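# Chain and residue survey
One letter stands for each residue in the lines below.
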Amino acid sequence: MLTVCEQKYLQLLRSMKLITGGGHGMNTDKEPKLINLIIALESVLLLAFLFLLTPIGKSMSVSGTVSDTKEKEEDERKFIKWVDFGVTKEAMQKAFRYDVDTCQNEIHLNWIELLAYLGARYGGDFSKYREGDMNAIADRILAGEKMEEITADMKYYGYYLEAYTAVLGGMVGTFRVEIPENKAPAFVREDELAERDVERGTIWVTKYGLKAFSPIAKNYPYQDYDDFGVSRSYGFKRQHLGHDMMGQVGTPVIAVESGRVEAIGWNQYGGWRLGIRSLDGKRYYYYAHLRKNYPYHKSLQEGSIVQAGDVIGYLGRTGYSSKENTNNIDEPHLHFGIQLIFDESQKDGNNEIWIDCYEITKFLTINRSETVKNQETKEYYRVYQMADPDIPGEPSQQKIPAESKAEEESKVEEESSAESEGKAGQQSSIPER
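Bear in mind the structure is a predicted one, so any value in this text is a computation, not a measurement.

### A closer look at the pairing of strand S9 (residues 259-267)
The sheet contact formed by S9 and strand S10 (residues 271-278) spans eight bridges and is antiparallel. Across the sheet, residue Ala263 finds its bridge partner in S10, namely Gly275. As consecutive antiparallel partners, S9 and S10 are separated by three residues. Note that S9 and strand S12 (residues 305-306) share two bridges and pair antiparallel. Note that in S12 the partner of Gly259 across the bridge is Val306.

### Focus: the side chain of Ser258
Along the chain, the position of Ser258 falls in the loop between strand S8 (252-254) and S9. Looking at Ser258, its side chain comes within polar contact range of the main-chain nitrogen of Ala308, at 3.0 Å. At 2.7 Å, the side chain of Ser258 and the side chain of Asp388 are in polar contact. Non-local contacts of Ser258, meaning those with residues more than four positions away in its chain, are made with Arg277, Ser278, Leu279, Val306, Gln307, Ala308, Asp388 and Ile391.

### A look at the nonpolar core
Core analysis: the largest hydrophobic core is formed by 72 residues, its most contacted members being Phe85, Trp111, Leu115, Tyr164, Met171, Tyr287 and Ile360. If one sorts the elements of this core by residue count, helix H5 (residues 111-122) sits on top with nine residues. Setting aside anything within four residues of it in sequence, one finds Met171 in contact with Trp111, Gly209, Leu210, Lys211, Ala212, Tyr285, Ile360 and Leu364. Counting 16 residues, the second-largest nonpolar core is a separate cluster that includes Phe175, Ile203, Val205 and Ala217.

So, how was this worked out
Residues numbered from 1 in each chain as written. Predicted model: local features only at pLDDT ≥ 70, side-chain atom pairs only at ≥ 80, totals over all residues. Heavy atoms only, no water. Pairing = 2+ DSSP bridges. Helix = DSSP H or I, 4+ residues; strand = E, 2+ residues; numbered from the N terminus. Polar contact = N/O pair within 3.5 Å; in protein donor to acceptor, adjacent residues only side chain to side chain. Contact = heavy atoms within 4.5 Å. Core = buried A, V, L, I, M, F, W, Y, C linked by side-chain atoms within 4.5 Å. Buried < 20%, exposed > 50% of the residue type's maximum accessible area, 1.4 Å probe, protein only.

Just geometry here; none of it tells us what the structure is for.
So this is what it looks like as structure tokens:
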């Protein structure tokens, strides 16, 4: 028999046409079971609703809403998600030469704009590069045409300009640097107010040109090839997202660009490694497999500011081990990588953008930092100091301690007499303002 409450509930369900029965052949003995099932389900829903009213339930609801909103906002933000950097050394050299040669002219050619134009024209495929194409666009601009007008109908010029600026934006500009006085232009040597180090025979000059350096110090041999994307299997199967430069253990490793030390310490894949973020935040330079026991220049710690050309560490073969300070790499080499960051969501995780930097390292061989060794501490220092104006305040100088000055002087004399051919042509000296 049904209770009065159950009979009324059954009539309500029938009126809503959720069940049929009674005079239409349904077995009313089964109705209580159905009603009990429905009541049980409603009880569960009621309990769930009451739980959402509790502080824990509210936090879960808000957390889910915030997470969904965050994902939606990331989808709506407009930033570059991928870059395939295929610009060749030859194209970079030609564009750079145009930039430096016109830096004091009324019409100054921007090397990144030239490369972005060709990138848009070639669809990023620089196997199509012809020097004549670079000459043609340069001639048009020098004749008075504006790049904005020339590229008005090029759909992807804006993309290539932003992408190539993210890659190359910190490499060329104005800076002050110390050089042997006998290598300085006459107008600089004749300037009585020019900053000099008489004992070392050096003078400070202002230049416009390449202020980025090769990651391997000058006079140290290395071998490499384009190994970006090849298979790696330690830990898990993956692609090699960097460039290996094989050399001798202890070879000084150089900061390619000025920046801030963002990561320093052990990583089971990269061994002793350094991560340096460019000052504009767009590039993250990764130096890995550094030397066992003494991987870094002693001046470095997380947050340190380094200048392009500074010694930051020493080539080795550490890594491929969860145990710190382990040599598990067969051949000594520097793993050098460049990550692009258009949005902080790309810094770590599945959205990282690593580019093939083989052609960049070839291009940077025209500017390699000269180093000197402190025989007492075995630490290396750059020989010629630099002042990068992009560094806030007065940039610190990486100078060898006074007790090792005699050896440094011998290195300066050697550099003055054995300067490689063509180096002077890579920069344009600008009179002190």
